[in-house]
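A closer look at the structure
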Amino acid sequence: MHVAGRLATERKASIVGVRVIVVQMELPLDTELPEQEELAARLLDEAPGIGELFGVRVVERLVRARHAGRAIVGEAERRNAEIIVLGAPRLPHRTRKSAIFGKTVDFVLKNAPCRVMVAAARRAA
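Here the residue numbers are simple positions, counted from 1 along each chain's written sequence. Thresholds applied to this predicted model are a pLDDT of at least 70 for local features of residues and 80 or more for the giving and counting of side-chain atom pairs; totals over whole chains, interfaces and linings are not thresholded and use all residues. Side-chain metrics in this entry use all non-hydrogen atoms of the structure; hydrogen atoms and water are not considered.

1. Re the environment of Glu52
Definition in use: Helix and strand definitions follow DSSP, with helices as H or I runs of at least four residues and strands as E runs of at least two, each counted in order from the N terminus. Categorising residues by exposure relies on relative accessible area from a 1.4 Å probe, with only protein chains included: less than 20% of the type maximum marks a residue as buried, more than 50% marks it as exposed, and the intermediate range marks it as partly exposed.
Along the chain, Glu52 turns up in helix 2 (residues 34-54). For Glu52, a relative accessible area of 66% puts it in the exposed group. Along the sequence, Glu52 and Gly5 sit 47 residues apart, while their C-alpha atoms lie 8.9 Å from each other.

2. Quick word on the nonpolar core
Our working rule: As used in this record, nonpolar core signifies buried Ala, Val, Leu, Ile, Met, Phe, Trp, Tyr and Cys residues forming a set joined through side-chain atoms within 4.5 Å. Residue contacts are counted whenever heavy atoms from the two residues lie within 4.5 Å of one another.
Judged by nonpolar contacts, the single largest core of 14 residues is most densely connected at Val20, Ile72, Ile84, Leu86 and Val108. Mapped by element, the contributors of at least two residues to this core are strand 2 (58-65), helix 3 (68-79), strand 3 (83-87) and helix 4 (103-111). No other element matches the five residues that helix 3 contributes to this core. Those residues in contact with Val108, other than ones at most four positions away along the chain, are Gly69, Ile72, Val73, Ile84, Leu86 and Val116. Among the nonpolar cores identified, the runner-up in size contains six residues, and Ala4, Ile15, Ala47 and Val56 belong to it.

3. Re the confidence of the model for the protein chain
Spelled out, the test is: Think of pLDDT as the predictor's per-residue confidence, scored from 0 to 100.
Averaged over every residue, the pLDDT of the protein chain is 90; residues scoring 70 or more account for 90%. The weakest mean pLDDT in the protein chain belongs to helix 2 at 93; the strongest belongs to helix 3 at 97.

4. Comments concerning the packing of helix 3 against helix 4
Our working rule: A fitted line through C-alpha atoms represents every axis, and for helices the fit uses only the stretch in contact; the resulting angles, taken between N-to-C directions, go from 0 to 180 degrees. Left-handed describes a crossing in which the near helix is turned anticlockwise from the far one by less than a right angle; the clockwise case is right-handed.
Contact geometry of helix 3 with helix 4 gives a least axis separation of 8 Å together with a crossing angle of 35°. In this structure, the crossing between helix 3 and helix 4 has a hand that is right-handed. Contacts between helix 3 and helix 4 pair Ala68, Gly69, Arg70, Ile72 and Val73 from the former with Thr104, Phe107, Val108 and Asn111 from the latter.

5. A few points about the pairing of strand 2
Filter applied, for reference: Strands qualify as paired when DSSP identifies two bridges or more between them. Classification remark: right-handed applies to a crossover when, strands pointing away from the viewer, the course from the first strand over the helix to the second runs clockwise.
As judged from the eight bridges shared by strand 1 (residues 15-22) and strand 2, these two strands associate in the parallel manner. Each residue of the ladder has a partner; that of Ile15, found in strand 2, is Val58. Where the polypeptide runs from strand 1 across helix 2 and back to strand 2, its parallel neighbour, the crossover connection is right-handed.

6. Observations concerning the environment of Val73
Within the secondary structure, Val73 is located in helix 3. Residue Val73 is classed as buried on the basis of its relative accessible area, which comes to 5%. Excluding anything up to four places from it in sequence, Val73 contacts Phe107, Val108, Asn111, Ala112 and Pro113.

7. Things to note about the packing of helix 1 (residues 2-11) against helix 2
Selection criterion: For this classification, under 35 degrees means roughly parallel, over 145 means roughly antiparallel, 65 to 115 means roughly perpendicular, and everything else is oblique. Three classes are used: nonpolar for Ala, Val, Leu, Ile, Met, Phe, Trp, Tyr, Cys and Pro, charged for Asp, Glu, Lys and Arg, and polar for all others, with Gly counted as polar.
Across the interface, helix 1 lies against helix 2 with an axial gap of 9 Å and an inter-helix angle of 40°. On the basis of the axis angle, helix 1 is oblique to helix 2. Considering only the axes of helix 1 and helix 2, their crossing is right-handed. On the side of helix 1, the interface is formed by His2, Gly5, Arg6 and Thr9, while helix 2 contributes Ile50, Leu53 and Phe54. Classifying every residue of the contact of helix 1 with helix 2 by side-chain character gives three nonpolar, three polar and one charged.

8. Focus on unusual backbone geometry
Although it is not a glycine, Lys12 sits at a positive phi angle of roughly 55°. Mapped onto the fold, Lys12 is located in the loop between helix 1 and strand 1. Residue Lys12 is classed as exposed on the basis of its relative accessible area of 77%.

Spelled out as structure tokens, the structure:
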């Protein structure tokens with residue numbers, strides 16, 4: 001969110017903070033997933049405060065979907081986004097055989113209708 005905030009400030013733009021709750025195929029999309037919903041709500045509640053630090057408006061979106069990457073690309077298409085800013089997940093080394101950043105980030109990189117920035121968190125010293 002901080003990277004998106006800096007970019008939005010430079011362009012006098014707003015941010016759409018999207019959190020996707022992935023629902024497994026065998027479950028209905030409206031299945032209650034309390035742990036994921038609580039985490040999503042907590043993260044989205046922090047977004048406007050981060051936007052305020054940069055003087056930009058933040059629109060919060062909670063999306064339930066089967067595939068996070070598709071949901072992110074779809075949201076970017078609907079909103080005619082200029083850029084998608086994603087956090088790079090911390091993957092165990094052994095899972096990096098097929099996807100550089102993970103399935104979601106790789107899908108977005110391949111299918112986004114706009115530029116994509118992948119921001120990696122600093123490593124702990």
